[in-house]
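# Survey of secondary and tertiary structure
Now for the letters of each chain:
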Amino acid sequence: AHVGLVAETVAGLRALVIGAGSIGLLIAGLLRHRGCGTVDIGDTNPLRRETARAAGYGSVYDPSATPPAADHYHLVFDAVGAGVTRESAVAAVRPGGAVVHVGLLQGRGELDVRKLTLAEVRFVGVYTYTHRDLAKSVELLHQGALGGLDWMEQRPLRDGPEAFASLHDGSTAAAKIVLRPW
């Protein structure tokens with residue numbers, strides 16, 4: 001059975017989220033909220049893996065040590081967007097499944113179009129949202145549907161350069177840092 005680009009229900013499906021940054025964790029939280037059968041989260045950064053574990057959105061692993069199972073997932077979300085993560089996403093998706101490409105780390109890289117074609121895998125890029133999507137997101141956050149969001153950190157605006165540097169070099173466990181004017 002083919003998985004639609006926007007599944008009406010994810011109940012019983014197996015999903016993989018590659019990348020435990022803020023986008024990856026929000027995707028995992030939304031999948032959990034919508035009743036996805038299995039949500040696995042892969043990230044190479046041990047601090048981010050610990051943050052994802054603490055969020056409780058799904059099973060967390062290190063893809064550099066243990067690659068995801070081939071042809072296993074109905075839905076794969078690439079929240080990184082590197083050549084290696086695109087390759088991993090296509091390898092992990094099962095025939096008839098869907099890869100949702102969200103991350104924008106690298107613009108170019110190999111893509112197994114033979115598998116996409118022969119296994120009838122849908123590959124869709126997702127970049128932005130509508131006003132309706134934003135309103136629904138605010139509603140879900142207000143309801144607590146995505147959990148406590150403890151993976152977010154707040155810092156004073158004056159610490160902005162250090163905050164960006166720690167996100168860039170992977171030295172913070174926070175998936176998102178909000179800069180406050182205090």
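Calculation notes
- Residues numbered from 1 in each chain as written.
- Predicted model: local features only at pLDDT ≥ 70, side-chain atom pairs only at ≥ 80, totals over all residues.
- Heavy atoms only, no water.
- Pairing = 2+ DSSP bridges.
- Helix = DSSP H or I, 4+ residues; strand = E, 2+ residues; numbered from the N terminus.
- Axes fitted to C-alpha atoms, helices over the stretch in contact; angles between N-to-C directions.
- Contact = heavy atoms within 4.5 Å.
- Patch = residues over 30% accessible without salt bridge, like charges linked within 9 Å, V, L, I, M, F, W, Y side chains within 5 Å.
- Areas by Shrake-Rupley, 256 points an atom, 1.4 Å probe, with all protein chains shown as cover.
- Salt bridge = Lys/Arg side-chain N within 4 Å of Asp/Glu carboxyl O.
- Buried < 20%, exposed > 50% of the residue type's maximum accessible area, 1.4 Å probe, protein only.
- Expected span 1.5 Å × (residues − 1).
- Right-handed = clockwise from strand over helix to strand, strands pointing away.

The parallel open sheet is built from 6 strands, whose spatial order is β3-β2-β1-β4-β5-β6. Both outer strands of the open sheet, β3 (59–61) and β6 (122–125), are each paired with one neighbouring strand and no more. Averaged over all neighbouring strand pairs, the angle between strand axes comes to 15 degrees, with direction disregarded. Sitting on the sheet, helix α3 (residues 83–92) touches β1 (14–18), β4 (73–78), β5 (93–101) and β6, and the angle it makes with β5 is about 150 degrees.

Now for a nonpolar patch on the surface. The grouping of Tyr-129, Leu-134 and Val-138 at the surface amounts to a nonpolar patch, some 320 Å² of accessible area in total. Accessibility expressed as a relative area gives 57% for Tyr-129, which makes it exposed.

It is worth spelling out the side chain of Arg-49 at this point. Inspection of the secondary structure assignment puts Arg-49 in helix α2 (residues 46–55). Other than its neighbours up to four places away in sequence, Arg-49 contacts Asp-43, Thr-44, Val-60, Tyr-61 and Asp-62.

Attention shifts here to helix α1 (residues 22–33). If you check α1, its first and last C-alpha atoms are 16 Å apart, about what 12 residues at 1.5 Å a residue would give, namely 16 Å. Of all the residues in α1, the buried ones are Ser-22, Gly-24, Leu-25, Ile-27, Ala-28, Gly-29 and Leu-31. Trailing α1 by a residue or two, Gly-35 shows a phi angle of about 85 degrees, which is positive.

What follows covers the pairing of β1. Among the 5 residues that make up β1, 4 are buried, leaving the element largely enclosed by the rest of the structure. When β1 meets strand β2 (residues 38–42), the two strands line up parallel, connected through 5 bridges. Bridge pairing in β2 places Ile-18 opposite Gly-42. In this view, the connection linking β1 to its parallel neighbour β2 by way of α1 has right-handed handedness. Relative to β4, β1 is paired through 4 bridges, and the arrangement is parallel. Counted as the bridge partner of Ile-18 is Asp-78 from β4.

We now examine the pairing of β6. Relative to β6, β5 runs parallel, the two sharing 4 bridges. Bridge pairing links Ala-98 to Arg-122 in β6. For the crossover from β5 across helix α4 (residues 113–118) to β6, the handedness is right-handed.

With that settled, the discussion passes to helix α5 (residues 131–143). The terminal C-alpha atoms of α5, which comprises 13 residues, lie 18 Å apart, in line with the 18 Å expected from a rise of 1.5 Å per residue. In the stretch just after α5, Gly-144 is the one whose phi turns positive, near 75 degrees.

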